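# Examining the three-dimensional arrangement
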Amino acid sequence: HHRNRPHPRINLFGRPDRLANGLRHNYKNIAVMMKPAVEEILTEFLLGHAPKGVSRKYVSTMIMAKSEALHEAQARISARIMELLQLTAADLRAL
């Protein structure tokens, strides 16, 4: 470990944050490339982002108003990730 290089921040999974950030980028890319694509605003909300110029209070209101759409988007994205990884629900239960 180099003296001038800070320790990488570690996330909840014991992995460097850059790995978690890469997974977040992949998640968004998968959502955008789906047919039909998941609306960008929904993807932003699912990732915990507030669109530029939008207050957190408004985001909370929008999340509540679009909760059904968010659940549907999350289910679609998760199903696509499972498909890409060639995993089934049984595979996950076995973990």
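This text follows the structure it describes.
One structure accompanies this document, and this report is about it. These numbers were taken from a predicted model, which means no experiment stands behind them.

Structurally, the position occupied by Thr43 is in helix H2 (residues 40-46). Once you skip the residues sitting within four places of it in the chain, Thr43 turns out to touch Lys28, Ala31 and Val38.

With that settled, consider the pattern of salt bridges. In total, this model carries 3 salt bridges according to the counting rule given. Note that Glu40 and Lys28 form a salt bridge whose closest N and O atoms lie 3.8 Å from each other. Remark: Lys28 occurs in helix H1 (residues 17-33) and Glu40 occurs in helix H2; sequence separation between them is 12 residues. When the shortest N-O distance is used, the salt bridge between Lys28 and Glu44 registers 2.2 Å. One end of the pair, Lys28, is in helix H1; the other, Glu44, is in helix H2, with 16 residues separating them in the sequence. Among the residues examined, Lys28 registers a relative accessible area of 22% and is labelled partly exposed. Taken together, the shared-partner salt bridges in this structure form one network comprising Lys28, Glu40 and Glu44.

Attention shifts here to a nonpolar patch on the surface. A surface patch of nonpolar side chains, amounting to about 420 Å² of accessible area, comprises Leu85, Leu87, Leu92 and Leu95. Checked against the element boundaries, Leu87 lands in the loop between helix H4 (67-85) and helix H5 (89-93). Given a relative accessible area of 32%, Leu87 falls into the partly exposed group.

Attention now goes to unusual backbone geometry. Here the bond from Lys35 into Pro36 is cis, since omega is -10°, no more than 30 degrees from zero. If you trace the backbone, Pro36 turns up in the loop between H1 and H2.

What counts, and at which threshold
- Residues numbered from 1 in each chain as written.
- Predicted model: local features only at pLDDT ≥ 70, side-chain atom pairs only at ≥ 80, totals over all residues.
- Heavy atoms only, no water.
- Helix = DSSP H or I, 4+ residues; strand = E, 2+ residues; numbered from the N terminus.
- Contact = heavy atoms within 4.5 Å.
- Salt bridge = Lys/Arg side-chain N within 4 Å of Asp/Glu carboxyl O.
- Buried < 20%, exposed > 50% of the residue type's maximum accessible area, 1.4 Å probe, protein only.
- Patch = residues over 30% accessible without salt bridge, like charges linked within 9 Å, V, L, I, M, F, W, Y side chains within 5 Å.
- Areas by Shrake-Rupley, 256 points an atom, 1.4 Å probe, with all protein chains shown as cover.

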